[in-house]
Every structure is written in structure tokens, then in C-alpha cells.
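Given next are the chains, with one letter for each unit.
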Amino acid sequence: MAADLPAGESRPVQRPLIMRYAARSDVGRIRAKNDDSAYVGRYLAVVADGMGGHAGGDVASAATVLDMLHLDKGDYAGDAGTILADEIQTANSLLSELVHINPKLAGMGTTVTALLLAEGKLHFAHIGDSRAYRLRDGEFEQVSVDHTFVQRLIDEGRLRPEEAETHPHKNVLMRVLGDVDASPELDLDTLDVKPGERWLLCSDGLNYVAGHVVERTVRETKDLRECVETLVDLTLENGAPDNVTVVMVEIVEETRDDVSTAAVDVVPSLPAAAAPIAAAKPAGETPGALGKPVDPDAAAPGERQAPDGKDPAGADRQTSTDPHLGEHLSAEVLRLELASRPHELVGAAASAADSGSIPTIAGRTVARRAATVLTHKAETPASDDDEILERPKPRRWVTLSIAASVLLVLTIGLWLGYAWTQTRYYIGEFDSRVAIYNGVSQRLGPLQLSELEAVTEIRMDSLPQFSQQRVRQTVPARDLYDAQRIVKNLEGTGTIAPEDECLTASPTPGDTTAPSTAPVTDPAAVPTAPAPSPEASGASAAPSPTPSPTVSCEGGQ
């Protein structure tokens, strides 16, 4: 039939086009967790590579992929390309909301490379450094452009392509989904599609396999499952320092068998949605995490249903409609969504779906999505049937109360400390004179904890050297009266000790006015005693048989 067509004209599409597919994701040889996620069905293929160097890379990729899987359908009321772009922007807003709820996820991000098949066209969307390759009419080409720093250098002619793989900044992303940009720039395109063409979507973990080896594998391996297995195995053989995810898609015409295998039981309304449904799909066509088949009857834990409608123990299964099931109910709705069509889900998204740890935002459901924020449409009122994961109410009043209490205690403590310093006095120097200060001779940052009380007429150079040194180092006083007493001592004796307690040596041995047993509390004060007259010095030149009187000075005052 194709031979009857004019030269250069493609065979008209007689039947709707669908995707045949296979997918695999592996954590690799070095990474501790898999930050990649991927979904592929008959109309949608998505690969997301979470930023593994940041907290929550697996959360970012899983949330994005799970938020987009509802697009896997063949009919759209509007332009499918616009809907795909809006949905990716919606996923970006979801990541920002998740970071707002859990600040520990700040900095997380993910790449997205997606294909949406609708009405005989292939809609392409891309951001980041995951890649999309197409094999069509014998030509193998990379359709996506890496949004990396080295790619920008290549585009500007500052770096050769062969130098990119060894560049120290080859993994620096310039564009990515996350909580950084509210409306990131996407690469978008609508492409003609032909039956028989193949697409390879992959995370950058596949970059450790040489490009010509990847091309040869895609060309020569006819079976899609064998192709993805081979590509991942080659990555592992090369060390696999990063997570690796590979999705293979082949565009084919839909057959009657495809129509029959896509048929499912009618999904009941949400009040009864807890009852799982069974999809009539051929064995192996709906694998789950890492190639394991998804059990269409898998509902919330402990609610697996046997084919006869009873649980494995034979008892009648009671459907729970508790609207406060939260995360479990959200996971159950997701399983119903997945069970409604053939698909393959791998990586972090598959782990989240299996465990029920679905990243969700209050009010997000299959029927009512946050895309209304971007399209400025009014949201439909929430119903009792929506699965609701209530956002934890921030207890800001508790934080504010604690902060206010701590601030009050610190303020009172500082005020009491300052008030105590103002009850103290000390003797110091001001303008080469002895002065009295109120407070303590210390600073608290820019705050001086003392102020000048009074300046005396006593000049510093009139005092003995030792007394000058003591005054410059400041002499503490108990109160103002004590400070005035010390000043009086300095004025009368040149020392800080009281005059009646600071005794000098007698000029004669017979002087009995001084006690001979007074303790010496400040030996350094001896030289400061007034010197005897020259006559007295001459009279006492001979050694005295009796001890000279000692000096008692309150040097510690």
C-alpha cells in the first residue's frame, strides 16, 4: 500500500497511535538512594532526575512524576501541548509548596523530560539535563538540549563538545524545577510522529555509556525490554556512579487487542473508591517498581481483596470511607489511578506508590488540581470525597511566646546587672588628676559601665610612683563614702591607706609609740611612708638592738 503513495509522502494514519514501552531504573554502584523517577504508558512518558546533591531529590522527582501521570490519556479538550506545559509548571509549584511545609527540603529540584502523544502529534517538554533521543527513518538524534553550564559554553563557542565530559562543572544545571524559580523556562515543541519511530528518554546516569554504544543498542535491539536492560547493564558495568533510568518508547498503531486490554471496570465514585478495581491487562504489561507487577487489588495496607470479593481470610471486606485517612487514602486513590491503565512506574516514584508515602498537598486530587492557580480558574469547592492531607497548622504563637520569654529574661538580667554596677565606685585618673567614678571600670560592647562622679585637686604627679600606678589601674570602693575616704588618704599620706593606720618607722630606738607586732598587709606601702628628717636619719645611722616598728597600710582598699 505504501508503494502506491507519491514519493516523499508518508502513509496516512488509519488508526490512533499509542506507545509501546519498557522502563528500568537503578540506584547505581555508589549512590545510597535513587533520586530518579519515571512513568510511561500508552500516551505519556516522563523521566525526572532529582537533584541528588540536595535534600529531597527523590521527593522532587517522585512528586513531579506522580503529579503528571493523570495526563496518560488519548483525548484532550484543549491543546495537549499547552496542558503538558501547564502541568509541569504545576509540578514546580507543588515542589515550592512542599518546601514551604518542610523547610528541610529547601534546595531540592528535578529535571523533567516528557512526551505526550495526542491526536497524532507528539508534544515534547524538557528542562534540565535528562535527555530525549529519537530514531526515525534510520536517523538517530538527540532532540533535547542540556540546560547545563558546559552546554552554554559549547553554544557560545568557548568549549568543544569533546571537552564537556571532563569539565569540572559539567553537572552544574542552569534550569531545573524546584523552589528557586516560580515559572521556570521550558523547552517545548510539537512534533509530527510516524509509526515505527523510537524514542529513548534517560537520566544523565546513562552518560557514562559512550554515545555510539547507546545508538547501536537502540538501533540493533528490537525488543524494547531487552534494550532498556542492556543499556542499564552497560551503565553498571562502567561503574554507575549515578542513578540511571532508561525509558524506551515505540510509536505504533493501536490494535483491537490494545483496545481490549485497556478496558477496565468502571471506577466507582470516591465514597466507594476504597474498593480496588481489577484491570484486564495481559501479564507483565503493568509492571510496578523496578519491573515488579503492580497488584491492581493493592489498596491500603491490610485491605487486599481476593477475587471473590472477600479478604484472604474469607471474611467480607468492609470499605473504609474515613475522610481523615490522609496519606493512606491519597495512596489508595493513586493506586486506583494507576490500575486504570497499562503503565510502568519505576524509581523513587514507584517506591513512594508502593509505600504510600505520596508527596501531596491539601486540596490536590485527581479531579481538582493546583493547575487552576496557573490558569486562573476558580477551584471547585472541596467535597467530602476528596482525599485530604491536612497541612500542619504552624504553631507560630508557641515560637513567638518562647522567643518573647527568652528576650524578657535577657533584658531583666542585663538591667539587674547594670543596676548593680551603678552601686559601685572606684578611684581613677581624669585629666592628670585623681577622680571618683560611679560604676565599674568595664565596657559592655559600646556601653561604658561607669561615669565620672567628681574630679579632685590631687595631681597625679604629686603622688608616689606606686600610688600613681594603683590609681591608673583603678582602686575599687564599696560606696561613695569609701571612695571619698580613699581620696582623703591620697591627699594626706600619698597612699590609699588611712593615715591613722599607716605608721612610719621611728627616728629613735626609744620610740615606743608604734606597736612592734602590727601585721604587714601591704609591704609595698613601706617606701611610701613620709621620710624622716635629716637629723633623725643621722641619729639612727647606728644599728638598733631592738626591731623597728612595722608598717600597716590598707593597700587593698
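Attention in this report is confined to the structure presented alongside it. (Residues numbered from 1 in each chain as written. Predicted model: local features only at pLDDT ≥ 70, side-chain atom pairs only at ≥ 80, totals over all residues. Heavy atoms only, no water.)

1. Some points on the overall build of the chain
Scanning the chain from terminus to terminus reveals 14 helices and 17 strands. Sorting the 557 residues of the chain into buried and exposed places 45% on the buried side. In the chain, the share of contacts with a sequence separation of at least 24, taken over all contacts with a separation of at least 6, comes to 69%. Accessible surface, the chain: about 29200 Å² in total, of which carbon and sulfur atoms supply 55%. (Helix = DSSP H or I, 4+ residues; strand = E, 2+ residues; numbered from the N terminus. Buried < 20%, exposed > 50% of the residue type's maximum accessible area, 1.4 Å probe, protein only. Contact = heavy atoms within 4.5 Å. Areas by Shrake-Rupley, 256 points an atom, 1.4 Å probe, with all protein chains shown as cover.)

2. Some words on the sheet that holds strand S17 (residues 475-477)
Read from one edge of the open sheet, four strands run S16-S15-S14-S17, paired in antiparallel fashion. Each having just a single partner strand, strand S16 (447-459) and S17 make up the two edges of the open sheet. Across the sheet, the axes of successive neighbouring strands diverge by a mean angle of 40°, strand direction being ignored. Here three bridges tie strand S14 (residues 425-430) to S17, and the two strands are oriented antiparallel to one another. Opposite Ile-427, over in S17, you have Val-475 as the bridge partner. (Pairing = 2+ DSSP bridges. Axes fitted to C-alpha atoms, helices over the stretch in contact; angles between N-to-C directions.)

3. Here we look at the pattern of salt bridges
This model, assessed by the stated rule, comprises 25 salt bridges. A salt bridge links Arg-31 to Asp-242; the shortest N-O distance between them is 3.2 Å. With Arg-31 in the loop between strand S1 (17-26) and strand S2 (36-41) and Asp-242 in the loop between helix H6 (224-237) and strand S12 (244-253), this residue pair connects regions lying 211 residues apart in the sequence. Overall, the relative accessible area of 33% leaves Arg-31 in the partly exposed class. Classification of Asp-242 as buried rests on a relative accessible area of 9%. Residues joined in a network through salt bridges with shared partners are Arg-24, Asp-26, Arg-225, Glu-229, Asp-233 and Glu-344. (Salt bridge = Lys/Arg side-chain N within 4 Å of Asp/Glu carboxyl O.)

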